[in-house]
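# Survey of secondary and tertiary structure
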Amino acid sequence: MPPKFFPTHGHLLVCQGPNCQARGSGLLHKALWNHLERQSLAYYKRGGTLRLTESGCLGACSYGPALCVYRPSPDGAGLEEAWYAAVDFPLAARVAQATHERAALPAEHRYGPDADA
């Protein structure tokens, strides 16, 4: 029997590289995970659709903690990605909620090619 599949609206990755860890990314990941569980947003909870992963370096070493989110694009033709630097818990929670709701992602602290989207 295959493993149970949980529908996913998005995957959030929190950098755990040494520079981001020095800026609190370990605590950010833990706080965000607790928030996703309390709000039933975690992919295995009833109604949850978000996956959260600790990642290796996301390349924003001087601007951490860094967070990246991948989710289905609004037109359904691929993946949308968003990159964030200097992320605090309130911003991470807003990104998670917007991803769960399939709403527009916050612009605050966003960087990269689609930062103006």
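Being a predicted model, the structure only gives us computed values, none of them experimental.

### Quick look at the pairing of strand β4 (residues 79–84)
- Across six bridges, strand β3 (residues 67–72) lies against β4 in antiparallel orientation. Paired with R71 across the strands is E80, a residue of β4.
- The turn joining β3 and β4, which pair antiparallel and follow one another in sequence, is formed by six residues; a positive phi near 75° is taken by G76.
- Where β4 meets strand β5 (residues 110–111), two bridges bridge the pair, whose relative direction is antiparallel. Looking at β5, one finds that Y84 is bridged to R110.

### So, the pattern of salt bridges
- Counted by the stated rule, this structure contains two salt bridges.
- One salt bridge in this structure joins E108 and R94, with 2.4 Å as the shortest N-O distance. With E108 in the loop between α3 (89–101) and β5 and R94 in helix α3, this pair connects stretches of sequence that are 14 residues apart.
- Here E108 falls in the partly exposed class, since its relative accessible area comes to 38%.
- Residue class for R94 comes out partly exposed when judged on its relative accessible area of 37%.

### What about the side chain of S73?
- Of note, S73 is situated in the loop between β3 and β4.
- Taking the relative accessible area as the measure of exposure, S73 reaches 14% and is therefore buried.
- Polar contacts involving the side chain of S73 include one to the main-chain amide nitrogen of A77, which spans 3.2 Å.

### A few points about the packing of helix α2 (residues 25–38) against α3
- Viewed as axis vectors pointing N to C, α2 and α3 meet at an angle of 45°, and their least axial separation amounts to 10 Å. Considered as vectors, α2 and α3 are oriented oblique to each other. Judged by the sense of rotation from one axis to the other, the crossing of α2 with α3 is right-handed. Only F89, A92, A93 and A96 of α3 make contact with α2, whose side of the interface consists of L28, A31, L32, H35 and L36.
- Taken together, the residues of the contact of α2 with α3 break down into eight nonpolar, one polar and no charged.

Reading the values: rules and limits
- Residues numbered from 1 in each chain as written.
- Predicted model: local features only at pLDDT ≥ 70, side-chain atom pairs only at ≥ 80, totals over all residues.
- Heavy atoms only, no water.
- Pairing = 2+ DSSP bridges.
- Helix = DSSP H or I, 4+ residues; strand = E, 2+ residues; numbered from the N terminus.
- Salt bridge = Lys/Arg side-chain N within 4 Å of Asp/Glu carboxyl O.
- Buried < 20%, exposed > 50% of the residue type's maximum accessible area, 1.4 Å probe, protein only.
- Polar contact = N/O pair within 3.5 Å; in protein donor to acceptor, adjacent residues only side chain to side chain.
- Axes fitted to C-alpha atoms, helices over the stretch in contact; angles between N-to-C directions.
- Parallel < 35°, antiparallel > 145°, perpendicular 65-115°, else oblique.
- Left-handed = near helix turned anticlockwise from the far one by under 90°.
- Contact = heavy atoms within 4.5 Å.
- Nonpolar A, V, L, I, M, F, W, Y, C, P; charged D, E, K, R; others polar.

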